[in-house]
Each structure stands twice: as structure tokens, then as C-alpha cells.
Amino acid sequence: MTAQLNPRGDVAVLVPAAGAGVRLGPGAPKALRLLAGEPLLVHAVRRIAAAPSVHTMVVAAPATEVEAVRAMLAPVAPVTVVPGGAERQESVAAALAAVPAGPEIVLVHDAARALTPPHLVESVAAAVRDGHDAVIPVLPVVDTIKEVDATERVLGTVDRSALRAVQTPQGFRRSVLIAAHRSAGDALTDDAGLVEKQGITVTCVPGSELALKITRPFDMALAEHLLTSGA
Ligand code: CTP
Ligand code: MG
């Protein structure tokens, strides 16, 4: 059964899913690879659709797979599918351009974070609703971090207590994200980085271990294990 999105919701979620998945090794685009028998993107979309504030979802698919992704997601949730671009930032911009009038909170969420729980979507959206222009979910950094030079010689130890590992969904007041993308220069890996360049304050909320980014084969194995143990 297709999950209904909430017509009274105030959140649009953009799902960049157009990447190749080079670091996973040879195979289909990452969003289409199977995790416990279903494409990564299906897992991601199902969890977003379960978040009650979501009014609209726009997926940026690999350009050659738009029709296939539409057909794949039709039984999962009502989503708009657009062709993505060569860089993540272009895929996000394409999805942003397809958001209809209405939702004033826009979340940007990697398809690769396929196990992200619906409550994280809600907590990021709630922080934007509470008046923050830009909100990111973060986790503390657990490893000791060293700064090194080009020859791998250690220059120093970074104060870990002041560092955070950043996840998605990242949430924005709609006008803030539009302005940041309009003035975007160099490609960055996250949307909050574009907003920071505008001088806008970015606020952190607690992230979730389940929002791990599936990047390498080890992450696939971990995600598969988490799924089979009930995530
Ligand atoms: N993404 C996208 N368009 C691109 C590149 C990336 O929509 N041109 C999306 C990916 O599909 C993913 C998210 O951005 O959901 C985060 O990117 P990443 O984890 O780097 O995925 P890939 O680019 O697919 O992986 P790799 O860098 O290993 O090729
Ligand atoms: Mg990439």
C-alpha cells in the first residue's frame, strides 16, 4: 500500500539519489542496489514517508533511471522524481526546483542514509519550525583526530570535543536554502556548508547511529545486519 504523505504537513524532503556509488565497487547506481532484497532508495523513501510532517518528497534519480525509479517508488509513497546532475549539489538544486508552493521547511536527505529513522526527520523539521534557519543532525566524533602534512607527518592533535560528524537530513527555512543554492559557487558535500557561506547560523541537533551513510561495502554489510535485527 502506498503511504500517503500529509497534505497538511509543512515539510518538503529532497532526496538526492543520482550518485554512482563508486566507493561501493562495480554495480548499479547506489540508490538502486539491493539491501535485504530491496533497493536502498526504497528503504530511505519508506522511512521519510512515515514522518508525519512530510507534505512532499522529491527524489533526484540518475538521469537514465528516472522512469524506472518512478515505477519502483509508486507502490512505496507518492513522490516526484526528477533527473539528477553530475554533482550532488546539482541534484539537490534540481529537486529543490520541483518543490510546489506550500511547504516552508525543506529537508535535504541522502538516499545513501537509507536506515534513517522517521523521528530524526521530525526532530530536524521541528527545530526549523522553532525558528532556526538551518539545522543539522550531528554525532560526537569518537576517534582521536590528528592533523597531518602531505608526507603523513603528524602536525598536531585536534580537540575532539569541539568536533561533530554531520549527517542528513539537514533542514532549512525554504527561502534560506533557495538563496544559498542561487549563490552557490564551488561544489560542497553538504547543504549547510552553502548556508554557512551566506553567514547564516547553523544549529545542531542530536543525530542517530542509524543515519549512517552507506558508502563502502562494509557499510552495506552493517546496514544489512541492522535491518535483519529490526532497524
Ligand atoms: N548524489 C546525487 N547526485 C550526484 C552525486 C551524489 O544525487 N551527482 C547523491 C547520492 O545518490 C547519495 C548522496 O548524494 O544519496 C550522497 O552521496 P554519496 O554517498 O557520495 O553517493 P555516491 O556519489 O553515489 O557515491 P560515490 O561518491 O562513492 O560514487
Ligand atoms: Mg559521491
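Quick caveat: nothing in here was measured; it's all calculated off a predicted structure.

Brief notes about the layout of surface pockets
And step 1. For the largest pocket, the calculated volume is near 830 Å³.
And step 2. R23, K30, R88, D110 and K213 are, among the 33 residues lining the largest pocket, the residues nearest its centre.
And step 3. Considering each element in turn, the lining of the largest pocket owes the most residues, three residues, to helix α3 (residues 88–97).
And step 4. A per-class count over the lining of the largest pocket returns 13 nonpolar, ten polar and ten charged.
And step 5. Where the lining of the second largest pocket is concerned, the elements lending two or more residues are β7 (134–140) and β10 (164–166).

Looking at the environment of E65
And step 1. Inspection of the secondary structure puts E65 in the loop between β4 (54–61) and α2 (66–73).
And step 2. The class of E65 is partly exposed, set by a relative accessible area of 23%.

As for the side chain of S208
And step 1. Relative to the assigned elements, S208 resides in the loop between β12 (202–206) and α7 (217–228).
And step 2. For S208, a relative accessible area of 10% puts it in the buried group.
And step 3. The contact partners of S208, leaving out residues within four places of it in the chain, are P117, L120, L139 and Q167.

Some words on the nonpolar core
Soluble globular proteins: nonpolar side chains tend toward being buried together.
And step 1. Formed by 34 residues in total, the largest nonpolar core has its most connected members in L41, V45, M57, V59 and L73.
And step 2. Breaking this core down by element, the ones donating at least two residues are β1 (11–16), α1 (40–49), β4, α2, β6 (105–108) and α4 (118–129).
And step 3. When near neighbours in sequence (up to four residues on either side) are disregarded, V45 contacts M57, V59, L73, V76, A77 and V79.
And step 4. The next biggest cluster of nonpolar side chains, apart from the first, holds 21 residues, and it includes L14, V99, L177 and V195.

Here's the deal with the site of ligand 1
And step 1. Around ligand 1, a shell composed of 18 residues is seen, among which P16, A18, V22, R23 and S91 lie nearest.
And step 2. A111 places a polar main-chain atom, nitrogen or oxygen, 3.2 Å from an oxygen atom of ligand 1.
And step 3. Coverage of ligand 1 by the protein chains reaches 87% of its 570 Å² of free accessible surface.
And step 4. Taking a 2 Å distance to the grid points as the criterion, the majority of the atoms of ligand 1 fall inside the largest pocket.
And step 5. A class-by-class count of the residues in the shell around ligand 1 yields eight nonpolar, four polar and six charged.

Parameters and conventions
Residues numbered from 1 in each chain as written. Chains lettered and ligands numbered in written order. Predicted model: local features only at pLDDT ≥ 70, side-chain atom pairs only at ≥ 80, totals over all residues. Heavy atoms only, no water. 1 Å grid on protein atoms, 1.4 Å probe; cavity = no way out; pocket = protein on both sides within 12 Å on 5 of 7 lines; lining within 4 Å. Points joined across faces, edges and corners; volume = space filled by probe spheres on them. Helix = DSSP H or I, 4+ residues; strand = E, 2+ residues; numbered from the N terminus. Nonpolar A, V, L, I, M, F, W, Y, C, P; charged D, E, K, R; others polar. Buried < 20%, exposed > 50% of the residue type's maximum accessible area, 1.4 Å probe, protein only. Contact = heavy atoms within 4.5 Å. Core = buried A, V, L, I, M, F, W, Y, C linked by side-chain atoms within 4.5 Å. Near = heavy atom within 4 Å. Polar contact = N/O pair within 3.5 Å; in protein donor to acceptor, adjacent residues only side chain to side chain. Areas by Shrake-Rupley, 256 points an atom, 1.4 Å probe, with all protein chains shown as cover. Sits in = over half its atoms within 2 Å of the grid points.

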